[in-house]
Each structure stands twice: as structure tokens, then as C-alpha cells.
Amino acid sequence: QVQLVESGGGLVEAGGSLRLSCAASGRTGSVRSMGWFRQAPGKEREFVASIAWSGITTLYADSLKGRFTISRDNAKNTMYLQMNSLKPEDTAVYYCAARSTILSPKIPANYPYWGQGTQVTVSS
């Protein structure tokens with residue numbers, strides 16, 4: 001009922017920046033908050049950041065706070081992730097997700113809607 005499409009990934013040098021976008025469509029009225037997760041080969045999917053769709057509340061993974069910024073444009077049904085000072089360890093597939101509950105935003109299982117993911121590769 002909710003479709004999510006990520007874009008903006010690519011190859012960047014260490015220290016560079018990327019802005020990821022996530023366009024939501026379908027029955028977006030059910031969405032209460034959205035988040036970004038990432039998954040590197042051989043690792044579990046991990047929380048990056050989340051934002052309330054109708055509010056200003058944001059959460060970040062402690063290790064990323066200060067380098068990454070999450071935002072959204074409700075009029076465009078689009079969420080963004082601005083990534084600055086990228087490091088090789090940031091290399092992963094980045095996924096956007098949406099949820100209709102108020103359960104913990106850091107748990108992937110609490111998000112029923114997911115995008116396909118966009119690859120971010122940071123070279124040293």
C-alpha cells in the first residue's frame with residue numbers, strides 16, 4: 001500500500017558527500033514516521049536515522065550523528081539523507097523504510113514498508 005523508491009547512491013571519495021532521496025507513493029496517509037537503514041556485506045541491517053512524518057522529531061545512530069542529516073518534504077512525499085564527511089566504513093546498501101506505529105524506530109522489524117535500496121560506495 002506504500003511504495004518507496006530510493007535514489008542518489010553512487011561512488012564517492014572519502015570525505016565527500018551524497019544526498020539520498022526516498023520518494024513515497026501509494027497510501028502514504030498511513031505513514032507515521034520514516035527511517036534510513038544500511039546493510040554492508042556480512043553485517044546485519046543497522047539503523048541510521050528516523051524522522052516523524054508529521055513533526056520535527058529525529059533520531060540518529062550515535063556513531064553517525066553530526067555527519068548525517070535526515071529531513072523530509074511532506075508536500076513531495078520525499079525523505080532525504082544528507083551524508084557528509086563520508087568514510088569507507090559507510091559503504092553499504094542504504095534503504096528507506098516507513099511505518100505506521102510508534103514502536104522503537106531503531107528496529108527494522110518495526111517497519112512494514114521498505115524500498116529496494118541504493119548502493120553507496122566510499123573509496124579510500
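All values derive from a computational prediction rather than experimental measurement. (Residues numbered from 1 in each chain as written. Predicted model: local features only at pLDDT ≥ 70, side-chain atom pairs only at ≥ 80, totals over all residues. Heavy atoms only, no water.)

Asks: Would you mind showing me how to read unusual backbone geometry here?
Replies: The phi torsion of most residues other than glycine is negative, and most of the peptide bonds are trans. At Asn77, a position not held by glycine, the phi torsion is positive, near 50°. As for its position among the elements, Asn77 is in the loop between strand S7 (68–73) and strand S8 (78–83). Non-glycine residue Ser85 carries a positive phi angle of around 50°. The residue Ser85 is located in the loop between S8 and strand S9 (92–99) in this model. Its relative accessible area of 41% is what places Ser85 among the partly exposed residues. (Helix = DSSP H or I, 4+ residues; strand = E, 2+ residues; numbered from the N terminus. Buried < 20%, exposed > 50% of the residue type's maximum accessible area, 1.4 Å probe, protein only.)

Asks: Mind showing me how you'd approach the state of the cysteines here?
Replies: What makes a disulfide is a covalent bond joining the sulfur atoms belonging to two cysteines. Inspection of the entire model under this criterion finds 1 disulfide. With a sulfur-sulfur separation of 2.0 Å, Cys22 is cross-linked through a disulfide to Cys96. Between Cys22 and Cys96, the S-S dihedral sits near 55°, and the bridge is therefore right-handed. Here Cys96 lies in strand S9 and Cys22 lies in strand S3 (residues 18–26), a separation of 74 residues in the sequence. Judged by its relative accessible area of 0%, Cys96 falls in the buried class. (Disulfide = S-S within 2.5 Å.)

Asks: How do you make sense of the pairing of S9 when you look at a structure like this?
Replies: If a strand is regular, its side chains alternate between the two faces of the sheet. Of all the 8 residues making up S9, 7 are buried; the element is thus mostly covered by neighbouring parts of the structure. Sheet analysis places strand S4 (residues 33–39) next to S9, joined by 7 bridges and oriented antiparallel. Across the sheet, Phe37 pairs through a bridge with Tyr95, a residue of S9. Sheet analysis places S9 next to strand S11 (residues 118–123), joined by 3 bridges and oriented antiparallel. Paired with Tyr94 across the strands is Thr118, a residue of S11. Examined bridge by bridge, S9 and strand S10 (residues 113–114) share 2 bridges and lie antiparallel to one another. From the neighbouring strand, Ala97 faces S10, where its bridge partner is Trp114. (Pairing = 2+ DSSP bridges.)

Asks: Explain the sheet that holds strand S1 (residues 2–7) here, please?
Replies: Strand pairing in a sheet relies on backbone hydrogen bonds, with the paired strands running either antiparallel or parallel. Taken in spatial order, the 4 strands make up an open sheet running S1-S3-S8-S7, and their pairing is antiparallel. The two strands at the open ends of the sheet, each matched to only one other strand, are S1 and S7. Adjacent strand axes in the sheet meet at a mean angle of 15° when their direction is disregarded. Summarising the sheet, S1 and S3 pair through 6 bridges and their orientation is antiparallel. When the bridges of S3 are listed, Val5 appears paired with Ala23. (Axes fitted to C-alpha atoms, helices over the stretch in contact; angles between N-to-C directions.)

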